[in-house]
Amino acid sequence: MAELQEVQITEEKPLLPGQTPEAAKTHSVETPYGSVTFTVFGTPKPKRPAILTYHDVGLNYKSCFQPLFQFGDMQEIIQNFVRVHVDAPGMEEGAAVFPLGYQYPSLDQLADMIPCILQYLNFSTIIGVGVGAGAYILSRYALNHPDTVEGLVLINIDPNAKGWMDWAAHKLTGLTSSISEMILGHLFSQEELSGNSELIQKYRNIITHAPNLDNIELYWNSYNNRRDLNFERGGDITLKCPVMLVVGDQAPHEDAVVECNSKLDPTQTSFLKMADSGGQPQLTQPGKLTEAFKYFLQGMGYMASSCMTRLSRSRTASLTSAASIDGNRSRSRTLSQSSESGTLSSGPPGHTMEVSC
């Protein structure tokens, strides 16, 4: 696999006491559908998968995932796993604008680029973390290569193709709104956009003034032309690995994620609905999402000795009590918790849980 570019960079980030800066290597490799750029942090750990992330439309790996992976409690996770942050073609920092008429890859083709990345790095398995379009891409990859995916964290996934009514609404919106405003409406709730917080102002500025906005529009078009993943509970087309679905309460994609949860295997799926998190919980509630991610990894058999700071204050949220109450039964249940309490719960892979936190 030909390597087009490799540069050594050091990413500035808040460090915990005694920590040293984490080095990163950025690579670009050629695939049947064009070049793809990705950044690797850390070194491979024996008998452990890589954490591979894929960002949403309008973002790149930094603007989508930095607040989460730079969060203090997340450092315990990233010390135990090598991670690979993939930038969709043309979304990486400093990307040249594609020429007029360039045929941007479909989301299915973007998923087909991932084997080239893993082959280049000589990685055999991953735990995928995707947001929006990135969640779709990782799901498509997992359907095509189930043996290489140990787990998935899917934030704001919409597994359905756009219907006629969706297309009509999209076309009408396009007549009155700019591309940047449509993408902001995809990323954030109308309540967040109306509130115009510092976070919204920051991301509106990032997207509106992006030098690669033409490239972003191509990625946006590919997302809107996605095919239906055709998940079917009890059918042949389903995700065979443990899955944690995440969505914010009142988020633009809440209904789609709820529907996705109804179609996946309940013995493999955990559903985390986060209050007070808006459309991008990895940006607004990195602490809560980190706790849920740790718990998810523990359910997969990793990080058994992890210190669960918030979870430890809620005995009802422990893996031990959940297992002792439910045994091996597969059913859905709902836990309601106050966001002010700082506690989180999620289910081991043997249960589907809807969690409001």
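Fair warning: this is a prediction, and the values are worked out from it, not measured in the lab.

Caption draft 1: Spatial organisation of the packing of aromatic side chains. Evaluation of the coordinates by the stated rule reveals 10 aromatic pairs. On the numbers, 6.0 Å between centres and 65° between planes, the contact of Phe98 with Tyr104 is edge-to-face. An angle of 25° between the planes, with centres 6.3 Å apart, marks the rings of Trp220 and Tyr223 as stacked. Pair noted here: Trp220 and Tyr223 are both in helix 9 (residues 213–224), with a separation of 3 residues, about one helical turn. The same class applies to Trp220 and to Tyr223, which are both buried. Taken together, the ring pairs connect Phe98, Tyr102, Tyr104 and Tyr219 into an aromatic cluster. Stacked on the ring of Phe41, the Lys or Arg Arg83 has its end atom at 4.2 Å from the ring centre.

Caption draft 2: Region of interest: the packing of helix 6 (residues 179–187) against helix 8 (residues 198–208). Relative to each other, helix 6 and helix 8 sit at 140°, their axes nearing to 10 Å. Between helix 6 and helix 8, the angle falls in the class oblique. The handedness of the crossing between helix 6 and helix 8 comes out as right-handed. Along its contact with helix 6, which presents Ser180, Glu181, Ile183, Leu184 and Leu187, the element helix 8 presents Tyr203, Arg204, Ile207 and Thr208.

Caption draft 3: Spotlight on the pattern of salt bridges. Tallied over the entire structure, the rule returns 8 salt bridges. When the shortest N-O distance is used, the salt bridge between Lys62 and Glu93 registers 3.4 Å. With Lys62 in helix 1 (residues 61–69) and Glu93 in the loop between strand 5 (83–87) and helix 3 (107–121), this pair connects stretches of sequence that are 31 residues apart. With a shortest N-O distance of 3.0 Å, Glu76 and Lys294 are connected by a salt bridge. With a gap of 218 residues between them, Glu76 in helix 2 (residues 75–78) and Lys294 in helix 12 (residues 286–299) connect regions that are remote in the sequence. Connected through shared salt-bridge partners, Asp108, Arg140 and Arg227 make up one network.

Quick notes on the rules
Residues numbered from 1 in each chain as written. Predicted model: local features only at pLDDT ≥ 70, side-chain atom pairs only at ≥ 80, totals over all residues. Heavy atoms only, no water. Phe/Tyr/Trp six-rings, centres within 6.5 Å; stacked < 30°, edge-to-face > 60°. Helix = DSSP H or I, 4+ residues; strand = E, 2+ residues; numbered from the N terminus. Buried < 20%, exposed > 50% of the residue type's maximum accessible area, 1.4 Å probe, protein only. Lys NZ or Arg CZ within 6 Å of the ring centre and 35° of its normal. Axes fitted to C-alpha atoms, helices over the stretch in contact; angles between N-to-C directions. Parallel < 35°, antiparallel > 145°, perpendicular 65-115°, else oblique. Left-handed = near helix turned anticlockwise from the far one by under 90°. Contact = heavy atoms within 4.5 Å. Salt bridge = Lys/Arg side-chain N within 4 Å of Asp/Glu carboxyl O.

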